[in-house]
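Structural overview
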Amino acid sequence: MKIIISESREEFNGTAADIVRRQIHDKPDSVLGLATGSTPLGLYNLLVCMGIKGDLDFSRIKTFNLDEYKGLSRDHPQSYYHYMYENLFSKINIRDENVNILNGEKADSYRECAEYEKRIKASGGIDLQVLGIGHNGHIGFNEPGTPFDSITDLIDLTDRTIEANSRFFDSPHQVPRQALSMGIKTIMQARNIILLITGGAKARIAAKALRGSITPDVPASVLQLHPFVTVILDKESAAYL
Ligand code: F6R
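Here we summarise the structure given alongside this text.

Conventions used here
Residues numbered from 1 in each chain as written. Predicted model: local features only at pLDDT ≥ 70, side-chain atom pairs only at ≥ 80, totals over all residues. Heavy atoms only, no water. Helix = DSSP H or I, 4+ residues; strand = E, 2+ residues; numbered from the N terminus. Rg over C-alpha atoms; globule rule 2.2 N^0.38 Å. Buried < 20%, exposed > 50% of the residue type's maximum accessible area, 1.4 Å probe, protein only. Areas by Shrake-Rupley, 256 points an atom, 1.4 Å probe, with all protein chains shown as cover. Lys, Arg positive; Asp, Glu negative; His and termini not counted. Charge placed at Lys NZ, Arg CZ, Asp CG, Glu CD. Pairing = 2+ DSSP bridges. Contact = heavy atoms within 4.5 Å. Axes fitted to C-alpha atoms, helices over the stretch in contact; angles between N-to-C directions. Core = buried A, V, L, I, M, F, W, Y, C linked by side-chain atoms within 4.5 Å. Parallel < 35°, antiparallel > 145°, perpendicular 65-115°, else oblique. Left-handed = near helix turned anticlockwise from the far one by under 90°. Nonpolar A, V, L, I, M, F, W, Y, C, P; charged D, E, K, R; others polar.

Turning to the overall build of the protein, a few remarks are in order. The secondary structure content of the protein amounts to 7 helices and 10 strands. Expected size for 241 residues packed as a compact globule is a radius of gyration near 18 Å; at 17 Å, the protein falls within 12% of this value. Counting over 241 residues, the protein shows a buried share of 54%. Here the protein has roughly 10900 Å² of accessible surface; of this, 49% comes from carbon and sulfur atoms. The positive charge centre, built from 27 side chains, and the negative charge centre, built from 30, are 4 Å apart in the protein.

The subject of this paragraph is the sheet that holds strand β9 (residues 192–197). What the 7 strands build is an open sheet, ordered β1-β10-β9-β6-β2-β3-β5; its pairing is parallel. With partners counted over all chains shown, the strands left at the sheet margins are β1 (2–6) and β5 (99–100), one partner each. Against the sheet, helix α1 (residues 9–26) touches β1, β2 (31–34), β6 (128–131), β9 and β10 (229–234), its axis set at about 160° to β10.

Quick look at the nonpolar core now. If you look at the biggest cluster of nonpolar residues, it comprises 34 residues, and the most contacted ones within it are Leu131, Met182, Leu195, Ile197 and Leu223. At the level of secondary structure, the elements contributing two or more residues to this core comprise α4 (109–122), α6 (184–188), β9, α7 (203–211) and β10. Per-element tally for this core: the top contributor is α7, with 4 residues. When sequence neighbours within four positions are dropped, the list of residues in contact with Met182 reads Phe64, Asn65, Leu66, Leu102, Tyr116, Ile120, Ile126, Gln129, Asn142, Ile151, Thr152 and Ile187.

This brings us to the side chain of Glu112. Relative to the elements of secondary structure, Glu112 occurs in helix α4. On the basis of relative accessibility, which here comes to 3%, the residue Glu112 falls in the buried class. Setting aside its immediate chain neighbours within four residues, Glu112 contacts Ile101, Leu102, Asn103, Lys106, Arg119 and Leu180.

Once that is clear, we can look at the environment of Asp217. For Asp217, the location among the structural elements is in the loop between α7 and β10. Each C-alpha atom of the pair Asp217 and Ala179 lies 19 Å from the other, and the pair is 38 residues apart in sequence. Those residues within four positions of Asp217 in sequence are excluded, and the remaining contacts are Asn136, Pro144 and Gly145.

To characterise two packed helices, one gives the angle between the axes of the helices and the distance between these axes. Here α1 crosses helix α2 (residues 41–53) at 55°, and the two axes come no closer than 9 Å. Our classification of the angle between α1 and α2 gives oblique. Crossing of α1 over α2 shows right-handed handedness. Residue-level inspection shows Asn13, Gly14, Ala16, Ala17, Val20 and Arg21 of α1 in contact with α2, the latter providing Gly42, Leu43, Leu46, Leu47 and Met50. Looking at side-chain class alone, the contact of α1 with α2 contains 7 nonpolar, 3 polar and 1 charged residues.

Bringing the packing of α2 against helix α3 (residues 80–87) into the picture now. Close contact between α2 and α3 brings their axes to 10 Å; oriented N to C, the two are set at 40°. Between α2 and α3, the angle falls in the class oblique. In contact with Leu41, Tyr44 and Val48 of α2, α3 contributes Tyr83, Met84 and Asn87. Partitioned by chemical class, the residues of the contact of α2 with α3 number 5 nonpolar, 1 polar and no charged.

Treat this as a map of the structure, not an account of what it does.
Below you can see the structure in the form of structure tokens.
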């Protein structure tokens, strides 16, 4: 596990963007796994800038997003589908048919999840997975206690995650109680992973995940077992490392 502690937000985003840029440069038809949330927004901004300047061509890449809320329509402002188009896909030259996001509106979520797993495999697997981490150590929506061999599935969100995500909704009651998420095994099958962590509020969980024991109680701790993980932190989140 390679750990990079950034001195500034610019350096943090630049380091992450450089890894993605190199991946696409080396393999123009790369398969990327992508996260939503606040942490990767700066990275996505930089990728948009690189695309506009003509420094990066997204026309052959494929993407698979980590997760999506159950029951939100794709045009709901808080759906992850909406987030990805708003912050990245509508601003780069990716092809719509190469974008894969779990559909939270499908009546049979289990089937949707099984088909997603098949699609990832059929694409040749994920070359580079971008991850954030929840305050409880979740990756994707894999909450504490999720077995390490889990694959893409319908997940019950914990009260803590619902509360954390309620900042984006008018009230906690509007936050969906379930989500579809890639499993821990699915994430671990990615050939390379970058984990992005910012903010003092994540300092304790960052130390637990990166230096503590490897346990399903801290889902992100599984990343210690992956051979090619780069963790990029800011100074605040690295306080207890
Ligand atoms: C998002 C995802 C989540 C987030 C995590 C951190 O697709 O899978 O695991 O990465 O909740 O979210 P932020 O970056 O908003 O703190």
